[in-house]
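Close look at the chain arrangement
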Amino acid sequence: MGLGDQIYVYRELLNVQGTYQHHGIDCGDGTVMHYRKPSEVIEQTSLSTFARGNRVYVREYPEGFCFIPEIVLQRAKSRLGENKYNLVFNNCEHFATWAKTGISDSKQIRDFMPLISRFNLDKLNEPLMNAFKGTDRHNAETILEQAIADIRVVWDQIQPQYKEALQERDSWHQVALEALRKNREDLAKGAIKRKLSYQTKAEALEKQLAELAKMTENLVKNSQNLSEG
């Protein structure tokens, strides 16, 4: 770990989704530049402030382009004081990766698995609502905004899969019809089997999308209640 390294630690996130990575740029002098929480401003702080007692890791780029350490530091410094934090489009990892490689990217957002779709969303909504208790209005609104942003990430992953499953289902339906016209019952049976598998997949994905839409609606209603309160 040294000058210009992209470093990260694991932190808890609302006790709902487990942990996430918090990224920054090592200045080589015991300080780190990062999107600090809760100010959501890019600041240069002590390593201990960045780590919060957690183990520090270095992001490795064995096969990718990286700027030399001095340039990484220069790039990071050019954004000190920035307060344009966005969970999905401009988070701490986006900033650190941009300083290191020139590309604003967040691997943990790209790799975000549709965890929400694995749960009963009515039950998942409960711990989110519990997270609002004992917090002020501003923090509650922040939790809501972040939850909705996370749902959007999942939605954007599932919807293309749903559309693809529908297209594949329709394509195999046409293949089955063409096989029957040619008296190839064997090929028709195989095509119908593939069609049904994609139909099943499409139905499962459609259910997940409906659940996500329902949860978003519930969160928006809670957001409206906060604004009226």
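Before reading further, recall that the structure is shown in the block above.
Residues numbered from 1 in each chain as written. Predicted model: local features only at pLDDT ≥ 70, side-chain atom pairs only at ≥ 80, totals over all residues. Heavy atoms only, no water.

**Section: helix H2 (residues 69–77)**
Note the cut-off: A 1.4 Å probe rolled over the protein chains alone gives each residue an accessible area, and that area as a share of the maximum for its type sets the label: buried under 20%, exposed over 50%, partly exposed in between. A helix here means a DSSP run of H or I that spans at least four residues, while a strand means a run of E at least two residues long, and both kinds are numbered starting from the N terminus. The arc in question is the one traced by the directions running from the helix axis out to the C-beta atoms.
Turning to H2, its buried residues number three or more, namely Val-72, Leu-73, Arg-75 and Ala-76. Seen along its axis, H2 keeps its buried residues to an arc of 165°; they face one direction.

**Let's talk about the packing of aromatic side chains**
How we decide: Only rings of Phe, Tyr and Trp enter the pairing, Trp through its six-membered ring, and a pair is recorded when the two centres are within 6.5 Å. The plane angle decides the type: under 30 degrees is stacked, over 60 is edge-to-face, the rest tilted.
This structure, assessed with the given rule, holds six aromatic pairs. Ring centres of Tyr-8 and Tyr-10 lie 5.9 Å apart, and the angle between their planes is 80°; on these two criteria the pair is classed as edge-to-face. Arranged with centres 5.4 Å apart and planes meeting at 75°, the rings of Tyr-35 and Tyr-85 form a pair that is edge-to-face. Within this pair, whereas Tyr-35 is found in strand S3 (residues 31–36), its partner Tyr-85 is found in the loop between H2 and helix H3 (92–101), the two being separated by 50 residues in sequence. Accessibility assignment for this pair places Tyr-35 and Tyr-85 in one class, buried.

**Section: the environment of Glu-203**
Relative to the assigned elements, Glu-203 resides in helix H7 (residues 185–228). Separated by 37 residues in sequence, Glu-203 and Leu-166 have C-alpha atoms that sit 9.2 Å apart.

**Description of the pattern of salt bridges**
We count it as follows: Just to be clear on terms, a salt bridge is a Lys or Arg side-chain nitrogen sitting within 4 Å of an Asp or Glu carboxyl oxygen.
Counted under the stated rule, the structure contains nine salt bridges. Notably, a salt bridge pairs Glu-43 with Arg-36, separated by 3.1 Å at the nearest N-O pair. Accessibility expressed as a relative area gives 32% for Arg-36, which makes it partly exposed. The partner of Asp-186 in a salt bridge is Arg-184, and the shortest N-O contact between them spans 2.9 Å.

**Describing the pairing of strand S4 (residues 41–46)**
As a reminder of what qualifies: The pairing criterion is simple: DSSP has to find at least two bridges between the two strands.
Looking at chain direction, S3 and S4 are connected through six bridges and run antiparallel. Bridged to Arg-36 within S4 is Val-41. In textbook terms, the turn of a hairpin is the stretch between consecutive antiparallel strands, and for S3 and S4 this stretch comprises four residues, one of which, Glu-40, has a positive phi near 55°.

**Here's the deal with the nonpolar core**
Filter applied, for reference: Within this scheme, the nonpolar core is defined by two criteria: the residues are buried Ala, Val, Leu, Ile, Met, Phe, Trp, Tyr or Cys, and they are joined through side-chain atoms within 4.5 Å. For this analysis, residues touch if any pair of their heavy atoms sits within 4.5 Å.
Core analysis: the biggest nonpolar cluster contains 14 residues, and Ile-25, Met-33, Tyr-35, Leu-73, Ala-76, Phe-95 and Ala-99 have the highest contact counts within it. Counting residues per element, the ones that place at least two in this core are S3, H2 and H3. Considering every element that reaches this core, the biggest residue donor is H3, with four residues. Leaving out residues up to four positions away in the same chain, Ile-25 has contacts with Gly-4, Asp-5, Gln-6, Thr-31, Val-32, Met-33, Val-72, Leu-73, Ala-76, Ala-96 and Ala-99. Within the second largest apolar cluster, 11 residues are counted, among which are Tyr-162, Ala-165, Tyr-198 and Ala-202.

**What to know about unusual backbone geometry**
Cis rather than trans, the peptide bond between Lys-37 and Pro-38 has omega equal to 5°. The phi dihedral of Arg-52 is positive, around 55°, even though this residue is not glycine. Here Arg-52 lies in the loop between helix H1 (47–51) and strand S5 (57–58). One non-glycine residue with positive phi stands out, namely Asn-183, at about 60°. Counting through the fold element by element, Asn-183 comes out in the loop between helix H6 (137–181) and H7. Residue Asn-183 is classed as exposed on the basis of its relative accessible area of 70%.

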